[in-house]
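The chain contents come next:
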Amino acid sequence: MDTATTDDAPTSPRETGEPLVELRTVNKHFGALHVLQNIELTVHHGEVVVVIGPSGSGKSTLCRAINRLETIDDGEITVDGIPLPEEGKALAHLRADVGMVFQSFNLFSHKTVLDNVTLGPRKVRGVPKAQAESEAMALLERVGVESQAHKMPAQLSGGQQQRVAIARALAMRPKVMLFDEPTSALDPEMVNEVLDVMVALAREGMTMIVVTHEMGFARKAADRVVFMADGQIVEEAEPDEFFTNARTERARDFLSKILTH
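Conventions used here
- Residues numbered from 1 in each chain as written.
- Predicted model: local features only at pLDDT ≥ 70, side-chain atom pairs only at ≥ 80, totals over all residues.
- Heavy atoms only, no water.
- UniProt positions renumbered as here; feature names shortened; annotations may be inferred.
- Pairing = 2+ DSSP bridges.
- Helix = DSSP H or I, 4+ residues; strand = E, 2+ residues; numbered from the N terminus.
- Salt bridge = Lys/Arg side-chain N within 4 Å of Asp/Glu carboxyl O.
- Buried < 20%, exposed > 50% of the residue type's maximum accessible area, 1.4 Å probe, protein only.
- Polar contact = N/O pair within 3.5 Å; in protein donor to acceptor, adjacent residues only side chain to side chain.
- Axes fitted to C-alpha atoms, helices over the stretch in contact; angles between N-to-C directions.
- Contact = heavy atoms within 4.5 Å.
- Phe/Tyr/Trp six-rings, centres within 6.5 Å; stacked < 30°, edge-to-face > 60°.

An unreviewed UniProt entry lists the protein under the name ABC-type polar-amino-acid transporter, with Myceligenerans xiligouense given as the organism. Looking at the protein in UniProt, the text filed under Subcellular location (unreviewed entry) is "Cell membrane".

Structure follows, in structure tokens:
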């Protein structure tokens, strides 16, 4: 069947597997503000989902809820079929399976780059020091900062620090990677060096949920674009379909404001 000509059910450009992250009727309030409203979302193994939308639409809250940095009021979130634990060792174990890269790099400032990347595998996964360091160096090489391994984070540029943060998350061998506005704190010339690493990860089959304002990344790397506004998922589609033929007035209005500059 020629899927390229169908309008209603575009297939993913890459084969994706079983459901990995599932949100069912998820609600979250901050006081009177209903920031997540009956969210339904399934992300499959190997899928790259990019979440976009105006500021205050609930994108970052959605991302942070998936590893319980934000609690939810009701509904259910599962990772690989397991509901999010409330707290304790079970939650720590789940967080080890869910890598997170933040807007601010959140590196330990008093530890070297290498120590930042090896800390999690050694403390949480019980990986021996020599093995952890060998694997960390391979990851630092993969993201292009192996020459910075023995420096402190403050000696690195913002783009380099964010690439170290990606390596640190990958060191835990996560099942899924969450990116919450990973380039918004960077100077413009550093944005692409981080996005290039993320595009490479996507092409290698890493399951990724990415909250971003970078529409070029969404076009290039996403299997699916999820558009949020006012705490709701308003629309979701393949990138080409979404950017050229958005179905909702809310999405078309958003795109008209960001794509004309």
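Right, picking up where we left off after that structure.
Asker: Just to check I follow, could you spell out the sheet that holds strand E2 (residues 33-44) for this structure?
Answerer: The pairing of strands in a sheet comes from backbone hydrogen bonds and takes either a parallel or an antiparallel form. Taken in spatial order, the four strands make up an open sheet running E2-E1-E4-E5, and their pairing is antiparallel. The sheet is open, and its two edges are formed by E2 and strand E5 (82-83), each paired on a single side.

Asker: Even after reading the chapter, I still don't get the pattern of salt bridges, so can you show me in this structure?
Answerer: Where side chains of opposite charge bring their charged atoms close, a pairing between them can arise. Counted by the stated rule, this structure contains 15 salt bridges. Between Arg24 and Glu40 there is a salt bridge whose closest N-O contact spans 3.5 Å. Note that Arg24 is positioned in strand E1 (residues 19-30) and Glu40 in strand E2, a separation of 16 residues in sequence. On the accessibility criterion, Arg24 (32% relative accessible area) is partly exposed.

Asker: Please clarify how the UniProt feature "domain: ABC transporter" (unreviewed entry) in the protein should be interpreted in this entry.
Answerer: Feature annotation in UniProt places "domain: ABC transporter" (unreviewed entry) on residues 21-255, given in this structure's numbering. End C-alpha atoms of residues 21-255 are separated by 27 Å, and the span's content is 39% helix alongside 26% strand.

Asker: Explain the side chain of Asn27 here, please?
Answerer: For Asn27, the location among the structural elements is in strand E1. Judged by relative accessible area, which is 5%, Asn27 ranks as buried. There is a polar contact of 2.9 Å between the side chain of Asn27 and the side chain of Asp74.

Asker: How should I be thinking about the pairing of strand E3 (residues 48-52) in this particular structure?
Answerer: In the case of a regular strand, side chains alternate between the two sheet surfaces. Burial analysis of E3 places five of its five residues in the buried class, the great majority of the element. Of the two faces of E3, the one lined by Val48, Val50 and Ile52 and the one lined by Val49 and Val51 are each fully buried. Bridge count for E3 against strand E8 (residues 207-211) is four bridges, and the pairing is parallel. Within the sheet, the bridge partner assigned to Val49 lies in E8 and is Ile209. Note: E3 against strand E9 (residues 224-229), four bridges, orientation parallel. The residue of E9 that forms the bridge with Val49 is Arg224.

Asker: Whenever I open this one, the sheet that holds E8 confuses me. Can you help?
Answerer: Overall, mixed pairing links the six strands, which are arranged E6-E7-E8-E3-E9-E10 in an open sheet. One side of each edge strand has no neighbouring strand; the edge strands of this open sheet are strand E6 (98-101) and strand E10 (232-237). If you compare each strand with its neighbour and ignore which way they point, the axes differ by 20° on average. Helix-sheet contacts for helix H2 (residues 88-97) involve E6 and strand E7 (176-180), and the interaxial angle to E6 is about 70°.

Asker: How should the packing of aromatic side chains be read in this particular structure?
Answerer: In total, this model carries three aromatic pairs according to the counting rule given. Seen in terms of ring centroids, Phe227 and Phe242 are 6.0 Å apart; in terms of plane orientation they differ by 35°. Their pairing is tilted. One end of the pair, Phe227, is in strand E9; the other, Phe242, is in helix H8 (residues 239-245), with 15 residues separating them in the sequence. Take Phe227 and Phe242: they sit in the same class, and that class is buried. With 5.4 Å between their ring centres and 80° between their planes, Phe242 and Phe243 make a pair best called edge-to-face.

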